Amino acid sequence: MLQKLSAVFLLILTSLGFIASNVNAANEQAKQEVVFADAGWDSVKFHNAVAGFIGTHAYNITPKIISGSTPIIQTALLRGDVDVHMELWTDNVPTFEADMKTGKLLNLGINFDDDKQGLYVPRYLIEGDAKRGIKALAPDLKTVKDLARYAHLFKDPSKGRLYGAIPGWSIDKILYLKYEAYGLNKNYVYFRSGSEPALNSAFLAAYTKGEPIVGYNYEPTWLTGKLDLVLLQDEPYNEVGFQRGLTEARSVPVCIVANKQLQSKSPEFVAFLQKYHTTSALTAEALAHIADTKCTYDEAAIWFMQRHPELLAQWLPDDKLQSINKALIGDNAAAANWLLSFPEEVQVDWTKPIDNFVNYINTTYASFFNKVKDILTWCILSIERLLNFIPWWLTIIAIAALGKVLTGKLSRGIIYGLGLFAIGAFGYWSMMNETLAVVISSVIISLLLGLPIGILVSTSKLANRLLRPLLDAMQTMPTFVYMIPAVMLLGPGKVPAVLATVVYAVVPVIRLTSHGIQQVDPNVVEASAAFGASRWQTLFKVQIPQAMPTIMTGINQTMMMAVAMVVTCAMIGANGLGMEVLIAINRTESGRGLIAGISIVIIAIIIDRLTQSLADKKKEGK
């Protein structure tokens, strides 16, 4: 009887859910879909949320988001895959004027035009902060040119560190020209952090610890809204001087641009977008609210519209304004439908405690992490210097000879040598060495950790039970998740890239070391014990030699996974071939990306074939 009642109850719930979803789907089909561009930064996400809310409740549209870098979004906008870009920074799109002349795009007006960009430092660096016990280390730092006198404050292993703009942005080229024109290249390293989140994490980490930092940023962002930063002064703007890196950047007209098809698709919504106008200060206010409250962009949009009814009155006709005001005061039927949406009443916010914990670790143990960073930086740079010290022709000969010895075929050795020669011919030899320094450092640390842990797991059931879930999490968790605290604690660059690579790549060598030892024939182990071998003698003289082919396979997989992280690590500032791919993606330079990608493939193939051949030799020796 109970089983029948349960089945009936389940059938009723399923039917209700099916009916509710069909009703929801029917409502969605009646609306016109409008695709918004998400170029990755917070302010465009916020403006998308505001326009999307208004479009949903006043103009009968269904907002959809497509994400991508600025060049990719621009291409999608031209093709019609994207309907509207709420925040197109015209100076950051070199083809903007030419694209507008094609007639495929509509410039619907300016969202805001009082933005700023350039090199920023924390205010406490110039004025100090008595509440935090921070002294003014650079009281005379006013302009970009003044940075030449303060390189010792912004420590990098060799020089001062100046954080550049995001690879692929137009301003990055201008800023690098400024770096050279002002002679800052004598005392500073121009460091590309790889991505905006990594750059913001560097600023936030330094600000939390009260440390000096100088680098590119712009307004409005949540960072400039939340932190007290000072934009360094520069020469007054003129176009010729700016293009040579000799002046400040002008305020960029940030426009709302749509594909012309949107005019016919939803003319009333286009008319609303033509009236949509904000300011940098208003946008920064919303972004600071998001940073402080950890709310979603949709929640911030509602908060913003409730806080600024005067903007709605400027944007909307009376009938549409009434619809939006009604929606803002509680038209939340969809959110209250527990059959379609998970109930908010039982949701728990875990993000703030985690953020507080990371900030506590960052401030309390800063000296410890600085020492770890110094040690790992020395290791990485030592390997890189060694690779650069070896003549290119000697490296090629050595790899070719090693290939011949391990594979037994001269032809394969020659192919491996030609592969390395091709990388040099592409102009990527020094970048290859940078990449290999990160990969080799990661593999060494992975083996130092992985082999002992694998042996422990193979000999202890308790260790196996405890570590298995952790290894599963390390292997399946998105790499960006543990990159965030790594950048916060160690700053962008090669050190967090190595640590992130170790977390990702150490798992195969642990699993396969354990598996190989456990698969050794029990009769062989018993025979060893019968001849009086101790447990340790059996392990090191019998089990590990017998398991060596499997262990070598684990080492091979660890190396391959380390190489696979090259491009990902570029997003947190690890220079090398991965950075070339990242720049090519951001600038949609297919040739550049393909050649850099082929170079990475060549390295991966050589490492894979050499380690596999070594494993085969171990297997033959067994």
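Here the structure is a predicted model, which means the values were calculated and not measured.

Rules used in this analysis
- Residues numbered from 1 in each chain as written.
- Predicted model: local features only at pLDDT ≥ 70, side-chain atom pairs only at ≥ 80, totals over all residues.
- Heavy atoms only, no water.
- Helix = DSSP H or I, 4+ residues; strand = E, 2+ residues; numbered from the N terminus.
- Expected span 1.5 Å × (residues − 1).
- Bend = angle between axes of the 7 residues up to and from the residue.
- Buried < 20%, exposed > 50% of the residue type's maximum accessible area, 1.4 Å probe, protein only.
- Arc of directions from axis to C-beta.
- Contact = heavy atoms within 4.5 Å.
- Core = buried A, V, L, I, M, F, W, Y, C linked by side-chain atoms within 4.5 Å.
- Patch = residues over 30% accessible without salt bridge, like charges linked within 9 Å, V, L, I, M, F, W, Y side chains within 5 Å.
- Areas by Shrake-Rupley, 256 points an atom, 1.4 Å probe, with all protein chains shown as cover.
- Salt bridge = Lys/Arg side-chain N within 4 Å of Asp/Glu carboxyl O.
- pLDDT = per-residue confidence, 0-100.
- Phe/Tyr/Trp six-rings, centres within 6.5 Å; stacked < 30°, edge-to-face > 60°.
- Lys NZ or Arg CZ within 6 Å of the ring centre and 35° of its normal.
- Pairing = 2+ DSSP bridges.
- Right-handed = clockwise from strand over helix to strand, strands pointing away.

1. Side note on helix 26 (residues 535-564)
Three or four residues apart is the spacing at which side chains of an α-helix point the same way, because the helix has 3.6 residues per turn. With 30 residues, helix 26 ought to run about 44 Å at 1.5 Å a step, yet its terminal C-alpha atoms sit only 38 Å apart, falling short of that. Within helix 26, the axis deviates most sharply at M548, by approximately 60°, and proline P549 lies no more than four positions further along.

2. Regarding helix 13 (residues 297-307)
For helix 13, the complete set of buried residues consists of A300, A301, F304 and M305. Buried positions in helix 13, seen along its axis, are confined to an arc of 130° and lie on one side of it. Those residues of helix 13 that are buried lie in contact with helix 2 (42-58), helix 12 (280-293), helix 14 (309-315) and helix 15 (318-328).

3. Remarks on the nonpolar core
Counting 92 residues, the largest nonpolar core has I54, L147, Y188, F272, L273 and W315 as its most contacted members. With eight residues, helix 2 is the single largest residue contributor to this core. Those residues in contact with Y188 that lie beyond four places of it in its chain are L147, A148, Y150, A151, F154, K159, G160, R161, L162, Y179 and V214. Of all hydrophobic cores here, the second largest spans 56 residues; its members include L387, L489, L539 and I600.

4. Looking at a nonpolar patch on the surface
Residues W392, W393, L394, I397 and F421 make up a contiguous nonpolar surface patch of about 560 Å² in total accessible area. Element by element, the count of residues in the nonpolar patch is highest for helix 19 (residues 392-407), at four residues.

5. Details of the confidence of the model for the protein
Mean pLDDT over the protein stands at 86; residues scoring 70 or higher make up 91%. The secondary structure element of the protein with the lowest average pLDDT is helix 16 (residues 333-336), at 46, and the one with the highest is helix 5 (residues 123-127), at 95. Here residues 23-29 scores under 50 on pLDDT; set against residues more than four positions off or in separate chains, the count is two contacts. In the model, residues 331-336 has pLDDT below 50 throughout and makes four contacts with residues more than four positions away in sequence or in other chains.

6. Brief notes about the pattern of salt bridges
In total, this model carries 18 salt bridges according to the counting rule given. As a salt-bridge pair, E127 and R123 come within 3.1 Å of each other at their nearest N and O atoms. On the criterion of helical spacing, the pair formed by E127 and R123 is a turn pair, its members being four residues apart in helix 5. On the accessibility criterion, R123 (28% relative accessible area) is partly exposed. Close ionic contact of K494 with E384 constitutes a salt bridge, the shortest N to O distance being 2.8 Å. A residue pair is termed long-range when its members are at least 10 positions apart, and K494 in helix 24 (residues 494-518) and E384 in helix 18 (residues 366-389) qualify at 110 residues. In this pair, the class of K494 matches that of E384, namely buried. What you see here is one network of salt bridges that share partners, running through R123, E127 and D228.

7. Concerning the packing of aromatic side chains
Throughout the structure, instances matching the rule amount to 22 aromatic pairs. Seen in terms of ring centroids, Y176 and Y179 are 5.3 Å apart; in terms of plane orientation they differ by 45°. Their pairing is tilted. With a gap of three residues between them, Y176 and Y179 both fall in helix 6 (residues 170-181), about one helical turn apart. Classification of Y176 as partly exposed rests on a relative accessible area of 30%. Plain terms: the ring middles of W392 and F421 are 6.4 Å apart, the flat faces sit at 50° to each other, and that makes the pair tilted. Placement of W392 in helix 19 and of F421 in helix 20 (residues 410-425) is noted, with a sequence separation of 29 residues between them. On the basis of relative accessibility, which here comes to 47%, the residue W392 falls in the partly exposed class. Here the aromatic cluster, defined as three or more aromatic residues joined through ring pairs, consists of F36, Y59, F269, F272, Y276 and W315. One residue, R132, lies across the ring of Y207, its end atom 5.3 Å from the ring centre. Its end group placed over the ring of Y182, K145 keeps NZ or CZ at 5.2 Å from the ring centre.

8. Remarks on unusual backbone geometry
The step from E219 to P220 runs through a cis peptide bond, and the omega angle for that step is 10°. Here P220 shows up in the loop between strand 8 (215-219) and helix 8 (222-226). Not every positive phi belongs to a glycine, and N60 is a case in point at roughly 60°. Relative to the helices and strands, N60 is located in the loop between helix 2 and strand 2 (61-67). Of note in this structure, K294 is not a glycine but carries a positive phi near 60°. The residue K294 is located in the loop between helix 12 and helix 13 in this model. Its relative accessible area of 41% is what places K294 among the partly exposed residues.

9. A few points about the pairing of strand 1 (residues 32-38)
Most of strand 1 is tucked away: five of the seven residues are buried. One ladder, built from seven bridges, connects strand 1 with strand 2; its direction is parallel. Bridging across to strand 2, Q32 finds its partner in I61. At this point the chain moves from strand 1, through helix 2, to the parallel strand 2, and the crossover so formed is right-handed.

10. Topic: the environment of I423
On the secondary structure map, I423 appears in helix 20. Sequence-wise, I423 and T538 are 115 residues apart; in three dimensions their C-alpha atoms are separated by 46 Å. Excluding its chain neighbours within four sequence positions, the residues that come into contact with I423 are Y428, W429, M432, S599, I602 and I603.

11. Digging into the environment of A286
With respect to the helices, strands and loops of the structure, A286 is situated in helix 12. Note on A286: relative accessible area 0%, which makes it buried. Taking the C-alpha atoms as reference points, A286 and S446, 160 residues apart in sequence, are found 43 Å from one another. Leave out the neighbours within four places in its chain, and A286 touches F46, W303 and F304.

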